[in-house]
Amino acid sequence: MMFRNYLKTAWRNIRKNKVFSFINILGLTIGITVCMMIYLFIMNEFSMDNFHKNGNNIYRVMRNFKHDGKSSAVAYLSGQYAPALLNDFNGEIKKAVRVIQNDNLVTVGDRSFHEKRVLDVDTDFFNLFTFPLIDGNPATVLKEPGNVVLTEATAKKYFGSKENAMGKMIMFDKELPLKVAGIAKDVPSNSNLVFDIVVPIENYKDDGIMTTWINNGLYTYIELDNHTTQAQLEKQLPAFMEKYMGSDMRKFGFNFSLTLTPLKDIYFENTSFDNLKHGDKTVVYIFLSIAVLILLIACINFMNLSTIRAADRSKEVGLRKVLGAFRSSLIWQFIGESVLLVTISCLASVCLLMLVMPWYNQLLGYSLTVSWNALPIWLFLIGTIVLVGFLAGSYPAFVLSAFPPVQALKGKLRLGKGGSTFRQVLVVIQFSISVFLIVGTIVITRQMNYVKNKQLGYNKEQTVLVPIDNNDIFNNKNVFKADLQNESQIQSVSLMSGAPGGFFDSYTFDVEGHHERMNANTEFADFEFVKTLGLKIIAGRDFSSQFPTDSTNAVLINKTAATKFGWSPEQAIGKWLQNAVRDSAKRYVVGVVADFNFQSLKENINALVISPTMDRRVALIKLRPGNIQEGLNLVKDEYAKAAPGYPLEYKFLDQQFDEMYKKDIRQQTILSVFAALAIFVACLGLFGLASFTATKRFKEIGVRKVLGSSVREIVILLSKDLLKPVIIATCIAMPVGYWAMNKWLQNFAYKTSVSGWVFLLAALITFLIALLTVSLKAMKAARANPVKSLRTE
């Protein structure tokens, strides 16, 4: 009965004070929605790969080496490692599975698909990993080289339904027929390994990465026996490497070691040369911080508005106390009202979440699934109601319940200076958070604009990048290049191992004048490389067909390489160096190119050796200015001739470079949206405070107007006290913002500065928004007819 009365009273108060209730509910709804969005994201991030039954015993074998004094780890190994590990550590390693990421042309009847999520794996793949099969036996489904496993979505795409797919034939790369022997459930979003098609690795047993120890190109996963620890096995790996790779390492100047990475740690591991999906704990913590800050702002609104309404409810409190209500009963009543408001906000936030999920998934780059029957979701909602309800409602409840009943009934209650100071402190916290987020948004936006507009040392405009990723285009690459160069719309074409912004090999070199081998990145490219990218030769000459020996004994180097090897650009000309793995004889430097950013701007420019050695993985096509579409149509036509049946997949070089900063651009977008939400919620609270101030000083404003005060004077009077905390907040947030953004900028080798105007702009934005919010209410109060406020006197 008592609970029902409390509920009725709470509901009446919400309906009676519609403006305050709306501000509270809207602020809390935004705060809780942001928290739920981030909770779903964090749940997904930290649940990565936790669905594998034997996940605690599964590790990926990593190859470690030192490059210019820095330790690096790569995930790629040769196909020779897995059988050797199983043989040498029999009883300690239960399973070893090799995985190659591939993309293939799949032909189904008269339809062709370029599938980019293909895994070539050992037969134990579905026994090691828990990817459930809808059809097929995990132990035998990959035993026959001619079998293939499709995911449910892929089976539907090819054959209309998974039932129709079993036993059907598909063709790989126009030469390998495969029979559908299994259907796997679609890979969940919290899997590091993703695939649409799984093929037995036995089909590629004769490839170089499968037969040669120094050819690395696949991942190796192992399952340890329950009685073997990671440390125990890692102690034995140096002897393993000496046994199988000792002579090769001494011959080629390598110094590799092996380590194990637990399956559940791979996702957050920042590994070089790894094409798997990876997360960033920094981004997770940024998300988490923003969620807490925005919810904190919403809670502060609630506490402020509930406390300033205390005077209005003083008679109610006094009457209840006279009628025998205990203070504890009053506390629980007001906390109950708080919990009811939070519950309404939670329900509203669930609806809002469903509306924003498509946008949120697009922002993240993958789909988060909201499972409403999942226990963690309900625990989160209940926890939010209890925690926020109690935290936000506790201070107002204790203030309200402490009113002396005699003063309360006389209506002479005043909140006192202490209450006013506390409210101002809360406003300072709110706007400190808002200013901090605005500073972060401005700095990240400036840095990303700097990255986009920085001169990179090469011309990336109107340059099309076409991957050489199938046998047809690889075999016909020279014809493809020659035919394009004969077209007037094409300025130049170059075939190379990696375009700027992509992958660059790293090798050791014997260098003239140095006893120890030296490391450098390497570009294997044809004679048109410099011309197509518009690079500048600062010493010597470019490769030239007029010098027939350039193909076999010439190299170009960049300025950084010359400096690293101890030469000026002019001194470098005529010096020799030799790739310890790829060259059978010395090559001589014929030219030095000016430094250009061939990697991310987060990294300093490394030494680069450009060699004509044959290794072509990408075609770079420079279109003439003018009709870009006509040039693209020519590229499509020539590609169709060179690789019939394969769809042309291209991108422009400037897009390739921008893709490297996807994560940072995502952070920029997230911070911009959440900064706007934070300041909106903070201004909701400020509007509520302004409303309260105007109401309480209603008669004072009437008297001042009668005595001759202007509207402007009254607006200034009402605004100045409310804007003081905003100014204090700005002063607090600036040094914190400066420190945080300087730390973030350390991720970039090339960065903009954190200028003073950034903080002035953030302060101005915050102040103007706060001023507008307060002035709207102040203007309304100042323009009111003084007769209305004075007629009761």
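Keep in mind that what you see is a predicted model, and the values were worked out from it rather than measured.

1. Re the overall build of the chain
Helix and strand counts for the chain stand at 27 helices and 22 strands. Split into buried and exposed, the 793 residues of the chain put 51% on the buried side. Relative to all contacts within the chain whose residues are 6 or more apart in sequence, the contacts with residues 24 or more apart total 79%. Counting every atom, the chain has about 35900 Å² of accessible surface; 57% of that belongs to carbon and sulfur.

2. Considerations on the packing of aromatic side chains
Per the counting criterion, the structure on display carries 29 aromatic pairs. On the numbers, 5.0 Å between centres and 20° between planes, the contact of tryptophan 213 with tyrosine 244 is stacked. Taken as a pair, tryptophan 213 in the loop between α7 (208–211) and β10 (219–224) and tyrosine 244 in helix α8 (residues 230–252) lie far apart in primary sequence, 31 residues in all. Here tryptophan 213 falls in the buried class, since its relative accessible area comes to 13%. Looking at tyrosine 244, the relative accessible area reads 23%, which means it is partly exposed.

3. Considering helix α21 (residues 628–642)
Its 15 residues give α21 an end-to-end C-alpha distance of 21 Å, which sits within 8% of 21 Å, the value for a rise of 1.5 Å per residue. Turning to α21, the residues buried within the fold contact β12 (463–467), α15 (471–475), α16 (477–485), β13 (490–496), β21 (618–623) and β22 (651–652).

4. Concerning the state of the cysteines
As used here, a disulfide is simply a covalent bond connecting the sulfur atoms of two cysteines. Counted according to the given criterion, the structure contains 0 disulfides. The closest cysteine sulfur to the non-disulfide-bonded cysteine 35 is located on cysteine 299, 8.6 Å from its own sulfur. Cysteine 346 takes part in no disulfide bond, and the closest cysteine sulfur, belonging to cysteine 35, lies 9.8 Å away.

5. Describing helix α11 (residues 327–364)
Taking 1.5 Å per residue as the helical rise, α11 with its 38 residues ought to reach 56 Å, whereas the 49 Å between its terminal C-alpha atoms falls clearly short. Considering bend angle alone, the principal kink of α11 is centred on valine 356 and spans about 50°; proline proline 358 follows within four residues of it. Phi for glycine 365, located one or two positions after α11, is positive at around 90°.

6. Some points on the environment of proline 358
Inspection of the secondary structure assignment puts proline 358 in helix α11. In the structure, proline 358 is positioned 10 residues away from leucine 368 in sequence and 9.3 Å away in space, judged by C-alpha atoms.

7. Quick notes on the pattern of salt bridges
Per the counting criterion, the structure on display carries 19 salt bridges. Between arginine 582 and aspartate 615 there is a salt bridge, and its shortest N-O distance comes to 3.5 Å. With arginine 582 in the loop between β18 (576–579) and β19 (587–593) and aspartate 615 in the loop between β20 (608–611) and β21, this pair connects stretches of sequence that are 33 residues apart. Arginine 582 gets classed as partly exposed once you look at its relative accessible area, which sits at 29%. The partner of glutamate 638 in a salt bridge is lysine 641, with the nearest N and O atoms 3.5 Å apart. Of this pair, glutamate 638 and lysine 641 are both found in helix α21, 3 residues apart, which corresponds to roughly one turn of the helix. For glutamate 638, a relative accessible area of 6% puts it in the buried group. Through salt bridges with shared partners, one network takes in Lys94, Lys95 and Glu223.

8. Thoughts on the side chain of asparagine 64
Among the secondary structure elements, asparagine 64 is positioned in strand β1 (residues 58–67). In terms of polar contacts, asparagine 64 uses its side chain to reach the side chain of threonine 259, at 2.8 Å. Ignoring any residue separated from it by four or fewer positions in sequence, one finds asparagine 64 in contact with Ser72, Ala73, Asn255, Phe256, Ser257, Leu258 and Thr259.

9. A look at the confidence of the model for the chain
A residue-level look at the chain finds 89% of positions with pLDDT of 70 or above and a mean pLDDT of 83. Within the chain, no element has a lower average pLDDT than helix α13 (residues 405–410), which sits at 62, and none a higher one than strand β9 (residues 197–200), at 96.

10. Some details on the pairing of strand β17 (residues 554–558)
Burial analysis of β17 places 5 of its 5 residues in the buried class, which makes it a mostly covered element. Burial along β17 is two-sided: the face carrying Ala554, Leu556 and Asn558 and the face carrying Val555 and Ile557 are both buried. Inspection of the sheet shows β17 paired to β19 by 5 bridges, in the parallel sense. Across the sheet, residue alanine 554 finds its bridge partner in β19, namely tyrosine 588.

11. Some points on the nonpolar core
Judged by nonpolar contacts, the single largest core of 104 residues is most densely connected at Phe41, Tyr360, Phe431 and Phe529. The element best represented in this core is helix α14 (residues 416–453), accounting for 13 residues. Look past the residues within four positions of phenylalanine 41 in its chain and what remains in contact with it is Val283, Val284, Phe287, Tyr360, Leu364, Tyr366 and Leu368. By size, the runner-up hydrophobic cluster in this structure holds 28 residues, among which are Val97, Phe129, Phe195 and Leu276.

12. With respect to unusual backbone geometry
The phi angle at lysine 174 is positive, at roughly 60°, despite the residue not being glycine. The topology assignment puts lysine 174 in the loop between β7 (169–172) and β8 (176–184). Here lysine 174 falls in the partly exposed class, since its relative accessible area comes to 41%. Positive phi values are uncommon outside glycine, yet glutamine 462 reaches one of about 50°.

13. Here we look at the sheet that holds β22
Strand order in the open sheet formed by 4 strands is β13-β21-β12-β22, and the pairing between neighbours is antiparallel. Two strands in the sheet have a free side with no partner beyond their single neighbour: β13 and β22. Note that β12 and β22 share 2 bridges and pair antiparallel. Looking at β22, one finds that leucine 465 is bridged to lysine 651. Where α16 meets the sheet, its contacts fall on β13 and β21, and the angle it forms with β13 comes to roughly 165°. In this fold α21 packs onto β12, β13, β21 and β22, with an angle of close to 145° to the strand it touches most, β21.

14. Focus: a nonpolar patch on the surface
Taken together, Trp757, Leu761, Leu764, Ile765, Leu768 and Ile769 make up a surface patch of nonpolar side chains, about 490 Å² in accessible area. When you line up the elements, isoleucine 769 lands in helix α26 (residues 756–783). Isoleucine 769 gets classed as partly exposed once you look at its relative accessible area, which sits at 30%.

Cut-offs used in this document
- Residues numbered from 1 in each chain as written.
- Predicted model: local features only at pLDDT ≥ 70, side-chain atom pairs only at ≥ 80, totals over all residues.
- Heavy atoms only, no water.
- Helix = DSSP H or I, 4+ residues; strand = E, 2+ residues; numbered from the N terminus.
- Buried < 20%, exposed > 50% of the residue type's maximum accessible area, 1.4 Å probe, protein only.
- Contact = heavy atoms within 4.5 Å.
- Areas by Shrake-Rupley, 256 points an atom, 1.4 Å probe, with all protein chains shown as cover.
- Phe/Tyr/Trp six-rings, centres within 6.5 Å; stacked < 30°, edge-to-face > 60°.
- Expected span 1.5 Å × (residues − 1).
- Disulfide = S-S within 2.5 Å.
- Bend = angle between axes of the 7 residues up to and from the residue.
- Salt bridge = Lys/Arg side-chain N within 4 Å of Asp/Glu carboxyl O.
- Polar contact = N/O pair within 3.5 Å; in protein donor to acceptor, adjacent residues only side chain to side chain.
- pLDDT = per-residue confidence, 0-100.
- Pairing = 2+ DSSP bridges.
- Core = buried A, V, L, I, M, F, W, Y, C linked by side-chain atoms within 4.5 Å.
- Axes fitted to C-alpha atoms, helices over the stretch in contact; angles between N-to-C directions.
- Patch = residues over 30% accessible without salt bridge, like charges linked within 9 Å, V, L, I, M, F, W, Y side chains within 5 Å.

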